[in-house]
Amino acid sequence: MQVNNVSYATGIAQLHKSGNNLPLAKVQNLQESSSNSIRELAKSIDPSNMSRNEARAIVDAQRQAGEPIELDNPFLLHSMILVNENGQLRNATETDPIMNEKFNMFDAFKSEIEFNISKGLSTDTLEKGLDFLEKFKNLRETAEINLYA
């Protein structure tokens, strides 16, 4: 084949990169460490008796694991916004006394789902949060399997 134009030759020589530029070993280490942080949290947090600060820790672990955190994340909502006695919203801080009060997150999500259904609102994110809680609870109850040993 004879090349009559330089643009054909440069098109062949260009490398196209896609995906992750990290070496495979580093990618696996990142995935292991992020899943380990969620597993470590699962050992110390009981979803049926947890605080809002623990919900915030779950959001941080999800963020470290590379999961996109949307504003409608139910864990984020429980850890960011509080309602005053007069019904006004305020930002939550870690030192607020209510942030350390224990409650059943399963019951909270289920009651929010029932409320949203009664008002005709979407329950998708709450259902995803409930699914995550089930998996999180299972992490607490199951032993870790080491695939690399």
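Every value quoted in this text rests on a predicted model; they were computed, and no experiment measured them. (Residues numbered from 1 in each chain as written. Predicted model: local features only at pLDDT ≥ 70, side-chain atom pairs only at ≥ 80, totals over all residues. Heavy atoms only, no water.)

Observations regarding the overall build of the protein
Secondary structure assignment for the protein yields six helices and two strands. Along the protein, from the amino end to the carboxyl end, the secondary structure elements read α-α-α-α-β-β-α-α. Looking at the protein residue by residue over its 149 residues, the buried ones come to 29%. In the form shown here, the protein has an accessible surface area of approximately 10,700 Å², with 52% of it arising from carbon and sulfur atoms. (Helix = DSSP H or I, 4+ residues; strand = E, 2+ residues; numbered from the N terminus. Buried < 20%, exposed > 50% of the residue type's maximum accessible area, 1.4 Å probe, protein only. Areas by Shrake-Rupley, 256 points an atom, 1.4 Å probe, with all protein chains shown as cover.)

Let's talk about the nonpolar core
In this structure, Ile58, Phe75, Met105, Phe109 and Phe136 are the most contacted members of the largest nonpolar core, which totals 22 residues. Of all the secondary-structure elements, those providing two or more residues to this core are helix H2 (24-44), helix H3 (52-64), helix H4 (74-80), helix H5 (105-119) and helix H6 (124-141). Setting aside anything within four residues of it in sequence, one finds Phe136 in contact with Ile38, Leu41, Ala42, Ile45, Pro47 and Ile58. (Core = buried A, V, L, I, M, F, W, Y, C linked by side-chain atoms within 4.5 Å. Contact = heavy atoms within 4.5 Å.)

Looking at a nonpolar patch on the surface
There is a patch of nonpolar side chains on the surface, built from Leu77, Met80, Ile81, Val83 and Leu89 and spanning about 450 Å² of accessible area. Sorting the residues of the nonpolar patch by element identifies H4 and strand S1 (81-83) as the ones contributing at least two each. On the basis of relative accessible area, Leu89 is assigned to the exposed category, the value being 62%. (Patch = residues over 30% accessible without salt bridge, like charges linked within 9 Å, V, L, I, M, F, W, Y side chains within 5 Å. Salt bridge = Lys/Arg side-chain N within 4 Å of Asp/Glu carboxyl O.)

Observations concerning H6
Across its 18 residues, H6 extends 26 Å between first and last C-alpha, which sits within 8% of the 26 Å expected from 1.5 Å per residue. For H6, every residue scored as buried is listed here: Leu126, Gly129, Leu130, Phe132, Leu133 and Phe136. In a view along the axis of H6, the buried residues occupy a sector of 165°, so they form one face of it. Residues of H6 that are exposed and angled more than 90 degrees away from the buried face: Lys128, Lys135 and Glu141. (Expected span 1.5 Å × (residues − 1). Arc of directions from axis to C-beta.)

With respect to the side chain of Asn73
Along the chain, Asn73 turns up in the loop between H3 and H4. Take Asn73: its relative accessible area is 11%, and that puts it in the buried class. In this structure the side chain of Asn73 is engaged in a polar contact, spanning 2.8 Å, whose partner is the backbone nitrogen of Phe75. (Polar contact = N/O pair within 3.5 Å; in protein donor to acceptor, adjacent residues only side chain to side chain.)

Considerations on the side chain of Ser51
Checked against the element boundaries, Ser51 lands in the loop between H2 and H3. Looking at Ser51, its side chain comes within polar contact range of the main-chain nitrogen of Asn53, at 3.4 Å. Beyond its immediate sequence surroundings of up to four residues, Ser51 is in contact with Met99, Asn100, Glu101, Lys102 and Phe103.

What to know about the environment of Glu112
As for its position among the elements, Glu112 is in helix H5. On the accessibility criterion, Glu112 (27% relative accessible area) is partly exposed. Through-space distance from the C-alpha of Glu112 to that of Glu127 is 9.9 Å; in sequence the pair is 15 residues apart.

Quick word on a negative patch on the surface
On the surface, Asp124, Glu127, Asp131 and Glu134 cluster together to form a negatively charged patch. Structurally, Asp124 is set in helix H6. Looking at Asp124, the relative accessible area reads 47%, which means it is partly exposed. (Lys, Arg positive; Asp, Glu negative; His and termini not counted. Charge placed at Lys NZ, Arg CZ, Asp CG, Glu CD.)

A short note on the packing of H5 against H6
One way to put it is that H5 packs onto H6 with a least axis distance of 10 Å and a crossing angle of 160°. The pairing of H5 with H6 is recorded here as roughly antiparallel in orientation. The two elements H5 and H6 cross, and the hand of that crossing is left-handed. For the pair formed by H5 and H6, the contact residues are Met105, Phe106, Phe109, Lys110, Glu112, Ile113 and Asn116 on the first element and Leu126, Glu127, Gly129, Leu130, Leu133, Glu134 and Lys137 on the second. Each residue belonging to the contact of H5 with H6 can be placed in one class, and the counts come to seven nonpolar, two polar and five charged. (Axes fitted to C-alpha atoms, helices over the stretch in contact; angles between N-to-C directions. Parallel < 35°, antiparallel > 145°, perpendicular 65-115°, else oblique. Left-handed = near helix turned anticlockwise from the far one by under 90°. Nonpolar A, V, L, I, M, F, W, Y, C, P; charged D, E, K, R; others polar.)

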